[in-house]
Amino acid sequence: MSKLLSWKDLSAPIIAEAGNSVLYKTGGWRALKPVLDQSKCIRCLLCWFYCPEPAIKRREDDSVEIDYDYCKGCGICANECPVKAIAMVEEGVG
Amino acid sequence: MAVQIKTLREMPREELFAPGHRLCAGCGIPQLVRTALKAVPGPKVVVTATGCLEVATTIFPYTSWRVPWVHNAFENAAATAAGIEAAFKALEKKRGVKRPKVIVFGGDGGTFDIGLQALSGALERGHDLIYICYDNEAYMNTGIQRSGATPRGAATTTSPAGKVIPGKPERKKDLIAIAIAHGVRYAATLNPAYPVDMFNKIAKAASIEGPTVLHYFTPCPTGWRSDPAKSIEIARLAVLTRVWPLYEYEDGVYRINVLVKSPRPIEDYLKLQGRFAHLLQPENRWMLEQLKRDVEENWNRLLKLAGLA
Amino acid sequence: MLYEVRWHGRGGQGVVTASDLLARAAILEGKYVYHAPEFGPERRGAPVRAYTRIADEPIEQHFGVYNPDAVVVIDPSLQSATSLILEGVKKGGLLVVNAREVHRSLLEGAKALGLSVWSVDAFKVAMEVFGRPLYNTPMLGAFVKASGLVALESVLKAVEERFKNPQLVARNVEAIKRCYEGVKRVV
Amino acid sequence: MAVALQLKGQRRVGMTGDEAVAYAVKQADVDVVAAYPITPQTIIVERIADYVHDGELKASYVAVESEHSALSACVGASLAGARVFTATSSQGLALMWEIMWIASAMRTTIVMALANRALSAPINIHCSHDDAYAVRDAGWIQFFAENVQEAYDLTLMAFRVSEDKRVLFPSIVNLDGFILSHALEPLYVLEDDVVREFLPPKEPVNPIDPERPMTYGPLALFDYYFEFKKAQAEAFKSVYPVILEVFREYEKYSGRKYEPVKAYGVEDADVAVLILGSSAGTARYVARRLRSKGEKVGVVSLTLYRPFPASDLVAKLKGVKALVVMDRSYSFGSPGAQLFMDVAAAFANESERPLLINAIYGLGGRDLLPEHVEEAFRKAQEAARAGKVEERELWLGVR
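Residues numbered from 1 in each chain as written. Chains lettered and ligands numbered in written order. Predicted model: local features only at pLDDT ≥ 70, side-chain atom pairs only at ≥ 80, totals over all residues. Heavy atoms only, no water.

(A) Inspection of a nonpolar patch on the surface at higher detail. All names here are of chain D. On the surface, Leu363, Trp395 and Val398 cluster together into a nonpolar patch covering about 260 Å² of accessible area. As for its position among the elements, Leu363 is in the loop between strand S15 (355-361) and helix H13 (370-386). For Leu363, a relative accessible area of 34% gives the class partly exposed. (Patch = residues over 30% accessible without salt bridge, like charges linked within 9 Å, V, L, I, M, F, W, Y side chains within 5 Å. Areas by Shrake-Rupley, 256 points an atom, 1.4 Å probe, with all protein chains shown as cover. Salt bridge = Lys/Arg side-chain N within 4 Å of Asp/Glu carboxyl O. Helix = DSSP H or I, 4+ residues; strand = E, 2+ residues; numbered from the N terminus. Buried < 20%, exposed > 50% of the residue type's maximum accessible area, 1.4 Å probe, protein only.)

Below is the structure:
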């Protein structure tokens, strides 16, 4: 959390810095953690599309990686992966 | 002509919706927002009605938006968007300001109920905007109260599964028919389990000058009492059981985009959601039968409209 | 100088327009005016009043006219409402009536107040000029002659500025002139 | 015949209050008008629609389906960088009420003409100040016009004030329904190029721009809402000197002097009345007559209602022993009607202050007649003589 601003720092209720919610990490919400087995991944991009955060990064070659800073552990990616390349494991274990 | 894609790979990479938002784990709204911001080309402005999307993505001092984004109030997203559109039209003429496309996101409460009048006005006046309702079938932001979009039989906190009245007794409004009745040129339903279909429809809407209305199926694990991991599975089942037909209307022509020839039993869809659990009890069978009739009638109606009956 | 006029008629006959045009004519002469319609729910046929206040100095009074120097009855059928028409009118003031023959009770009431009474058959003029009972400009013409408050030319100019459409202007000018010439002092 | 004051570059015309406002809006070259018809405002937006449809005003005219949407569209349009106007009355403003607060907090520069009309029930179309009062706390600047000339002038000045970068708050120009909105008076109008010089195109602050994407109207909970309100409160305090500046500036162009508090005869007055809107003239008309008989009476009226010109008012009323505050509205259960409470608060910490009487008058378009004003002066004189107020609340002219 950044330092709370005083009224003197505020004017209209406008946030000028686009997309600054990246500073707010939601990874701490997670109870279960998705773990991707890159060897099984077929680069279908479904997990990238379905991830609500988005916390699945699409690389140049359409392989993906999970950004645990934001992943809330919903498990959609694991449930939808057509080749079962993603497993949900207990946070802090996998 | 709108860009149309065939595979997910063709979907633009640029993310104009940032992570770090506070939507629930397993929420179905971001898939819509991310896709819309990819599918609408060029400069754009987003207007959002009060609701889950608004509160969870703009908690001061953080925003998840990388496009200009405006929230005014609950019932007036379409009117606010109309004002923005009208302003840019005037400024374009007078000062050569480049006119962005205006995209509106409203929940079902903000669209079907409290915002319907403003939406009706904006559609009738023909503003150049894309109105997308993210429909999670109840007022989820305030704690799961029924809306005009809640399907028959669903339990919410204001249509509870009681001993006498098992869930919401009334059927769901038909938003697309309401939109079409206003003379919009394009209207369509969207579902996150069908990404390419969704992208293409939004792109098509964006290519049309004037108002278009899109109706998006939005899984809500919190309000539906479902497993967050199964949000997309539920969305897919909604289509495969004919609960959520994927179709579009374009200049007088109806097309069913996913023709479900042999539907899965509706129970397959219902049993994944706590809001429908009571419908599977024998004493509430009558309500379930009504819901089934709603689904069947709607499907048959669409078949006729699409010339497939 | 402060001169106050009260206009009586029915909705749709042009009561408000008559008062408005008089005010515009006075403005053209450099005078100060306050013209205000007394609106109820505006319905065709309902009795309507309008007020014109004219002065050489800026007018600060923002209220209706209760003690008019002149009353103009633009609708012949309102004549019988004697007490309504004569209410508050100043002694020695002016009454201008649209009538072939002024109603006796009105005439007596007016005499008692020492009013000078003028009348004109604006119905005839209106039907001949407009083809319908539109009394605003005919009765304005009659009032201008009877009161001498503003010049006829000012009224004609006001009509021209307000109505714009040349045909419309021409018809109204004709109506004004005919009643200006046709109005007669009865008492 | 008095020779009319001939002001350079100005035309003397006859217009109703509504027409004069519409003409000012046209001259202001607004970009967006979003409005819904309601008596007695309607003529304003009808005239503007004429201007737009005849090509005399290049603006987007958004004929919305409700007042709620009217103001909502105005908020969007103002954020987009447009010069924006709307007009309404009573029930229409009540429907806008929710958005009034948002329009101010979002620092829009909307200008609204409010043809004052009584709130229902019973339904009525004529003048009360209920509507203006009902939004007094919403963070809008509020002007009150006394006549058609002022309705015109204040509309032009409102744009200049609202859009000033030191202000950025929306404005209301109040004009009494029917008494001014539908009344024809002579007025002087500025030439178009003079208006353009006084009021150049809006230079928006942080307008919606896809090149600089910002988030307008985020959620702020208990950790920030309080600070936003304090910031808004402080910003609103800085509005007053800008208004004085704009008044002075406008005088250079028009020759017409404006002040937040208009005073007549109060320098030596024992008693005075305070009043808003068109009846101020009526009150002065009565005061002139009484003063000519040697009675020391005065009249104060407010051209500026929000921000409330408290210290100016206190200063102008120095030495006045009893003051009748005239309210064209009522506040049920309150210790006085709305203007009365403002005045009482303005004098709260003054050691020297007049006795205060609250007169309710003119509700629903009932005429305020000279005898009513005279009655108010009599009550004030009695209080001044007795050194106390017997009856704090008067209803003038009620049966």
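Continuing now.
(B) Quick look at the environment of Gly336(D). All names here are of chain D. In this fold, Gly336 is placed in the loop between strand S14 (322-327) and helix H12 (338-346). Note on Gly336: relative accessible area 7%, which makes it buried. Between the C-alpha atom of Gly336 and that of Asn358, which follows or precedes it by 22 residues, the distance is 6.8 Å. Apart from residues lying up to four places away in sequence, Gly336 is in contact with Ser331, Met341, Asn358 and Arg392. (Contact = heavy atoms within 4.5 Å.)

(C) Region of the structure containing the interface of chain C and chain D. Tallying the contact residues gives 23 residues for chain C and 29 residues for chain D. At the boundary of chain C with chain D, total buried surface from both sides reaches about 2,200 Å², with 54% on carbon and sulfur atoms. In terms of surface lost to chain D, no three residues of chain C exceed Glu60(C), His62(C) and Phe63(C), which account for 31% of the buried area on that side. Among the salt bridges present, the one from Glu19(D) reaches Arg24(C), with a minimum N-O distance of 3.7 Å. At the junction of chain C with chain D, the criterion picks out 13 residue pairs in polar contact (both at pLDDT 80 or more). Looking at the side of chain C that touches chain D, the elements with two or more residues in it are helix H1 (15-28) and strand S2 (32-38) of chain C. Broken down by element, the residue count for the side of chain C that touches chain D peaks at six residues, all from S2(C). (Buried area = accessible area lost by both parts, 1.4 Å probe. Polar contact = N/O pair within 3.5 Å; in protein donor to acceptor, adjacent residues only side chain to side chain.)

(D) Representation of the packing of helix H3 (residues 67-79) of chain D against helix H4 (residues 90-105) of chain D within the structure. All names here are of chain D. The interhelical angle for the contact between H3 and H4, taken along N-to-C directions, is 25°, at an axis separation of 7 Å. As the angle between them shows, H3 and H4 are arranged roughly parallel. Crossing of H3 against H4: the hand is right-handed. Counted together, Glu67, His68, Ala70, Leu71, Ser72 and Val75 of H3 and Gly92, Leu95, Met96, Glu98, Ile99, Met100 and Ala103 of H4 form the full contact between these two elements. Residue composition of the contact of H3 with H4, by class: eight nonpolar, three polar and two charged. (Axes fitted to C-alpha atoms, helices over the stretch in contact; angles between N-to-C directions. Parallel < 35°, antiparallel > 145°, perpendicular 65-115°, else oblique. Left-handed = near helix turned anticlockwise from the far one by under 90°. Nonpolar A, V, L, I, M, F, W, Y, C, P; charged D, E, K, R; others polar.)

(E) Just empty space enclosed by the protein, in detail. Residue and element names in this part refer to chain A. The full count for this structure, using the stated rule, is four cavities of 30 Å³ or more. Approximately 110 Å³ is the volume attributed to the largest cavity. Residue lining of the largest cavity: 15 residues in total, with Cys51, Pro52, Cys71, Cys74 and Cys77 positioned closest to the centre. By residue class, the composition of the lining of the largest cavity is eleven nonpolar, two polar and two charged. Grouping the amino acids of the lining of the second largest cavity by side-chain chemistry returns twelve nonpolar, no polar and one charged. (1 Å grid on protein atoms, 1.4 Å probe; cavity = no way out; pocket = protein on both sides within 12 Å on 5 of 7 lines; lining within 4 Å. Points joined across faces, edges and corners; volume = space filled by probe spheres on them.)

(F) The arrangement of the pattern of salt bridges in detail. If you walk through the whole model with that rule in mind, you get 78 salt bridges over all chains. With a closest N to O distance of 3.5 Å, Arg9(B) and Asp62(A) form a salt bridge. Here Asp62(A) lies in the loop between strand S3 (56-58) and strand S4 (64-66) and Arg9(B) lies in the segment before helix H1 (29-39), a pairing that spans two chains. A relative accessible area of 43% means that Arg9(B) is categorised as partly exposed. A salt bridge links Arg166(D) to Asp164(D), with the nearest nitrogen and oxygen atoms 2.8 Å apart. The class for Arg166(D) is partly exposed, based on a relative accessible area of 41%. Judged by relative accessible area, Asp164(D) falls into the buried class, the value being 15%.

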